[in-house]
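Descriptive analysis of the structure
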Amino acid sequence: MSETSADTSTADKVEVVLTKAGRTKIRYPAEVVADDSTVVTVRAPWAADGVRDFGFVRFEPGDVFTEHYWRDRWYAVKEVRTSTGVLKGWYCDVTRPAVRDGATLTVEDLDLDLWCSADGGTVLRLDEDEFAESGLAERDPAAASAALAALDALEGLARGGGSLSPAPPLT
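This write-up is about the structure you can find in this document.

About the criteria used
- Residues numbered from 1 in each chain as written.
- Predicted model: local features only at pLDDT ≥ 70, side-chain atom pairs only at ≥ 80, totals over all residues.
- Heavy atoms only, no water.
- Helix = DSSP H or I, 4+ residues; strand = E, 2+ residues; numbered from the N terminus.
- Buried < 20%, exposed > 50% of the residue type's maximum accessible area, 1.4 Å probe, protein only.
- 1 Å grid on protein atoms, 1.4 Å probe; cavity = no way out; pocket = protein on both sides within 12 Å on 5 of 7 lines; lining within 4 Å.
- Points joined across faces, edges and corners; volume = space filled by probe spheres on them.
- Polar contact = N/O pair within 3.5 Å; in protein donor to acceptor, adjacent residues only side chain to side chain.
- Expected span 1.5 Å × (residues − 1).
- Contact = heavy atoms within 4.5 Å.

Before going further, it helps to spend a moment on unusual backbone geometry. In this structure, Asp111 takes a positive phi of about 80° despite not being glycine. Its place among the elements puts Asp111 in strand β10 (residues 104-117). Within the chain, Asp127 stands out as a residue other than glycine whose phi angle is a positive 65°. Owing to a relative accessible area of 25%, Asp127 belongs among the partly exposed residues under this scheme.

Counted as a void, the largest pocket has a volume near 550 Å³. Breaking the lining of the largest pocket down by element, the ones donating at least two residues are β1 (13-20), β2 (23-35), β3 (39-45), β6 (64-70), β8 (87-95) and β10. Roughly 150 Å³ of volume is contained in the second largest pocket. Lining of the second largest pocket is provided by Lys20, Ala21, Gly22, Glu108, Asp109, Leu110, Asp111, Ser134, Leu136 and Arg139. The set of elements that each furnish at least two residues to the lining of the second largest pocket consists of β10 and α2 (136-139). With 4 residues, the single largest contributor to the lining of the second largest pocket is β10.

In this section: the side chain of Glu79. Within the fold, Glu79 resides in strand β7 (residues 75-81). Among the residues examined, Glu79 registers a relative accessible area of 2% and is labelled buried. A polar atom in the side chain of Glu79 sits 2.8 Å from the side chain of Ser165.

A separate point is helix α3 (residues 141-159). Taking 1.5 Å of rise per residue, the 19 residues of α3 would be expected to cover 27 Å, and the 27 Å separating its terminal C-alpha atoms lies within 8% of that figure. Contact partners of the buried residues in α3: β7, β8, β10, β11 (123-126), α1 (128-134) and α2. Phi for Gly161, located one or two positions after α3, is positive at around 90°.

Next comes the structure, spelled out in structure tokens:
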């Protein structure tokens, strides 16, 4: 299966595999909502154990993530809602373009993240220190440049006042 071809004939479930620095950071099952050969959209409950409180948002059991992964962009956008459907905001990961191979969707995390609250009032660039310490700029200057450009693009979208999701919110 080519990373650029649509895969609508396989099961409607995938395992999302997030890697970082050559190791698997997390893997979890997700339901495929759509795959148009450019964007793969999946839905999954909060996959970690317990609550993760970042100070600006809490991810907790019951939260639902509608995640948009591009095959041609250096980021993923995760729309976060409570168990009752209230939008918390968007958590965006700067990544290499996603690769779907059958029932596996693999994404390489490049450390940079962005948070945008539901009302658009809070837009935060995250983990720039981790990115600098990762050594990516020295190992792969082209990827580092693409990652920084992706973070800038996400921030521009977030500050533009609209939804970061590529389509109307999915229910």
